[in-house]
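# Structural overview
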Amino acid sequence: LSAYPNPASISGGAAKVHYLLLGDSDVKIQLFDCNGDLVWEKSCVSGGAGGKRGVNDVLWNLRNGSGRAVETGVYTCVVKSGSVKKTSRIGIKK
């Protein structure tokens, strides 16, 4: 699990969440702020974009669930697939 670019720039407008699946699987991606509050989430269905066997890239537009640009800081990215849960951090700068 990784993100690119990291840190991401708000002026750049997006970051890719990059991960590998050993088989088709339902996936949930969640991003939390430094307070542990959920900022953004995306669900991907097994066999579809983000849920296919192999390398997957899911784009985060650096906006929260309400469509507002996120603040600068460090965010925790959690990717869940079945019983597997991976975490990583994504830095956001101006």
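Here's what I pulled together on the structure shown here. Fair warning: this is a prediction, and the values are worked out from it, not measured in the lab. (Residues numbered from 1 in each chain as written. Predicted model: local features only at pLDDT ≥ 70, side-chain atom pairs only at ≥ 80, totals over all residues. Heavy atoms only, no water.)

## Focus: the sheet that holds strand β7 (residues 73-81)
Where strands meet in a sheet, backbone hydrogen bonds hold them as pairs that are either parallel or antiparallel. A sheet is described by the order of its strands in space; here 5 strands give the open sequence β2-β8-β7-β4-β5, paired in mixed fashion. In this open sheet, the two strands that pair with only one neighbour each are β2 (8-9) and β5 (38-44). Inspection of the sheet shows strand β4 (residues 27-32) paired to β5 by 6 bridges, in the antiparallel sense. Note on β5: the bridge partner recorded for V27 is C44. (Pairing = 2+ DSSP bridges. Helix = DSSP H or I, 4+ residues; strand = E, 2+ residues; numbered from the N terminus.)

## Points about the nonpolar core
Ranked by size, the top nonpolar core spans 21 residues in total, and within it Y19, I29, W60, I90 and I92 carry the most contacts. Put simply, the parts of the chain that give this core at least two residues each are β3 (15-21), β4, β5, β6 (54-60), β7 and β8 (84-93). Per-element tally for this core: the top contributor is β3, with 4 residues. Ignoring sequence-local partners within four residues, the contact set of I92 consists of A8, I10, W60, L62, V70, E71, T72, G73 and Y75. (Core = buried A, V, L, I, M, F, W, Y, C linked by side-chain atoms within 4.5 Å. Buried < 20%, exposed > 50% of the residue type's maximum accessible area, 1.4 Å probe, protein only. Contact = heavy atoms within 4.5 Å.)

## Some points on a nonpolar patch on the surface
A cluster of nonpolar side chains, contributed by L20, L22 and V55, occupies part of the molecular surface with about 370 Å² of accessible area. By the element assignment, V55 lies in strand β6. Given a relative accessible area of 56%, V55 falls into the exposed group. (Patch = residues over 30% accessible without salt bridge, like charges linked within 9 Å, V, L, I, M, F, W, Y side chains within 5 Å. Areas by Shrake-Rupley, 256 points an atom, 1.4 Å probe, with all protein chains shown as cover. Salt bridge = Lys/Arg side-chain N within 4 Å of Asp/Glu carboxyl O.)

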